Amino acid sequence: MNNTPVVGVLALQGDVREHLTALAAADAVARPVRRPEELAEVDGLVLPGGESTTISKLAVLFGLMDPLRARVRAGMPVYGTCAGMIMLADKILDPRSGQETVGGIDMIVRRNAFGRQNESFEAAVDVKGIAGPPVEGVFIRAPWVESAGAAAEVLAEHDGHIVAVRQGNALATSFHPELTGDHRVHRLFVDMVRTSTAAESL
């Protein structure tokens, strides 16, 4: 039995290449996803950082928003970083006009909560479920979770704000682990995908 999951990266905008590299290092087959038929072929999906409004509008334009929502609702493992976290929120506190989300995590997210581009920073973050030293979090115009519902498990906080959450097969971080060379968060996600595909094949 082939235990190497196929994990896509939504490749409409943002830091796609870095995620593909990190996923490959975490023992997944990594593929860019731009079309519904490519989405249908993956076991899990990463929603990368970038500009959440642009990604949202492009997903609608490329016919990906509805199939994405359907697969996330059906339990496909999904991981969102930064803008991807905003995409996975059931509610955005201050959405831009026309901005839609995929949803999947019962949380309210505040866009650009940690400040603008020039206020980007790095910080050590203790992430529940990841062994070893803290994860080096790169925060770039990062959101935070204003509030998380009962179904969402808080995995990490920074300065009193929620920066990593998980709900079922959906994982989200405010920060960018794909930019540091530390692939433990991607490995956690690939393990989630592996567990999910193993359960489906039973």
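Residues numbered from 1 in each chain as written. Predicted model: local features only at pLDDT ≥ 70, side-chain atom pairs only at ≥ 80, totals over all residues. Heavy atoms only, no water.

Student: Can you explain helix H6 (residues 184–200)? Please cite residues and give values.
Tutor: Over its 17 residues, H6 runs 24 Å from end to end, which matches the ideal 24 Å to within 8%, given 1.5 Å per residue. The set of residues buried in H6 consists of Arg-184, Val-185, His-186, Leu-188, Phe-189, Val-190, Met-192, Val-193, Arg-194 and Ser-196. (Helix = DSSP H or I, 4+ residues; strand = E, 2+ residues; numbered from the N terminus. Expected span 1.5 Å × (residues − 1). Buried < 20%, exposed > 50% of the residue type's maximum accessible area, 1.4 Å probe, protein only.)

Student: Please give an account of helix H1 (residues 16–25) that cites residues and values.
Tutor: Buried within H1 are the following residues: Val-16, His-19, Leu-20, Ala-22 and Leu-23. Buried residues of H1, viewed axially, fall in a sector of 165°; they line one side. Across H1 from its buried face, at more than 90 degrees, point the exposed residues Arg-17 and Thr-21. Where H1 is buried, its residues contact strand S1 (6–10), strand S2 (29–33), strand S3 (44–47), strand S4 (78–81) and H6. Directly after H1, the chain includes Asp-27, whose backbone phi takes a positive value near 70°. (Arc of directions from axis to C-beta. Contact = heavy atoms within 4.5 Å.)

Student: Explain the side chain of His-19 to me, and be specific about the residues and the numbers.
Tutor: Counting through the fold element by element, His-19 comes out in helix H1. A polar contact of 3.2 Å, which involves the side chain of His-19, links it to the side chain of Thr-81. With residues up to four places along the chain from it excluded, the contact list for His-19 reads Val-9, Val-46, Pro-48, Gly-49, Thr-81, Glu-178 and His-186. (Polar contact = N/O pair within 3.5 Å; in protein donor to acceptor, adjacent residues only side chain to side chain.)

Student: Which residues make up the nonpolar core, and what are the values?
Tutor: Residues Leu-39, Leu-47, Leu-68, Ile-105, Met-107 and Val-165 are the most contacted members of the largest nonpolar core, which totals 33 residues. With five residues, the top contributor of residues to this core is helix H5 (residues 83–88). Non-local contacts of Met-107, meaning those with residues more than four positions away in its chain, are made with Met-85, Leu-88, Ala-89, Asp-90, Lys-91, Val-145, Ser-147, Ala-148, Val-165 and Ala-172. Residues Ala-28, Ala-123, Ile-130 and Val-185 belong to the second largest nonpolar core, which totals 32 residues. (Core = buried A, V, L, I, M, F, W, Y, C linked by side-chain atoms within 4.5 Å.)

Student: Quick one: what's the story with the pairing of S2, residue by residue and with numbers?
Tutor: Of the pairings in the sheet, the one linking S1 to S2 comprises five bridges and is parallel in character. Note that in S2 the partner of Gly-8 across the bridge is Arg-31. One crossover worth recording links S1 to the parallel S2 by way of H1, and it is right-handed. (Pairing = 2+ DSSP bridges. Right-handed = clockwise from strand over helix to strand, strands pointing away.)

Student: Can you lay out the environment of Lys-57 for me, pointing to particular residues and giving the numbers?
Tutor: Note on placement: Lys-57 falls in helix H3 (residues 52–61). C-alpha of Lys-57 to C-alpha of Gly-98: the two residues are 41 residues apart in sequence and 7.6 Å apart in space. Residue contacts for Lys-57: discarding those within four places in its chain leaves Ser-97 and Gly-98.

Student: Which residues make up the UniProt feature "active site" (unreviewed entry) in the protein, and what values go with them?
Tutor: The positions UniProt marks with the feature "active site" (unreviewed entry) are Cys-82, His-176 and Glu-178. For the residues just named, distributed over 97 residues, the greatest C-alpha separation is only 11.1 Å, placing them together at one site. From this annotated list, the subset lining the largest pocket comprises Cys-82 and His-176. Residue placement: Cys-82 occurs in the loop between S4 and H5. Residue Cys-82 is classed as buried on the basis of its relative accessible area, which comes to 4%. Setting aside residues up to four positions removed in sequence, Cys-82 forms contacts with Gly-49, Ile-140, Arg-141, Ala-142, Pro-143, Thr-173, Ser-174, Phe-175 and His-176. Relative to the helices and strands, Glu-178 resides in the loop between strand S12 (170–173) and H6. Setting aside its immediate chain neighbours within four residues, Glu-178 contacts Asp-15, Glu-18, His-19, Ala-22, Thr-81 and His-186. A distance of 3.5 Å separates a polar atom in the side chain of Glu-178 from a polar atom in the side chain of His-19. (UniProt positions renumbered as here; feature names shortened; annotations may be inferred. 1 Å grid on protein atoms, 1.4 Å probe; cavity = no way out; pocket = protein on both sides within 12 Å on 5 of 7 lines; lining within 4 Å.)

Student: So what's going on with the layout of surface pockets? Which residues, and what values?
Tutor: To find leftover empty space, one rolls a probe the size of a water molecule over the atoms. For the largest pocket, the calculated volume is near 210 Å³. Gly-50, Glu-51, Cys-82, Ile-140 and Arg-141 are the residues nearest the centre of the largest pocket, which is lined by 17 residues in total. Residues of the lining of the largest pocket, tallied by class, amount to six nonpolar, seven polar and four charged. (Points joined across faces, edges and corners; volume = space filled by probe spheres on them. Nonpolar A, V, L, I, M, F, W, Y, C, P; charged D, E, K, R; others polar.)

Student: Which residues make up unusual backbone geometry, and what values go with them?
Tutor: Backbone phi values are negative for most residues with the exception of glycine, while trans is the configuration of most peptide bonds. The phi angle at Asp-27 is positive, at roughly 70°, despite the residue not being glycine. Note on placement: Asp-27 falls in the loop between H1 and S2. If you check the backbone angles, Arg-141 has positive phi at about 45° while not being a glycine. Along the polypeptide, Arg-141 turns up in the loop between strand S8 (135–139) and strand S9 (144–148).

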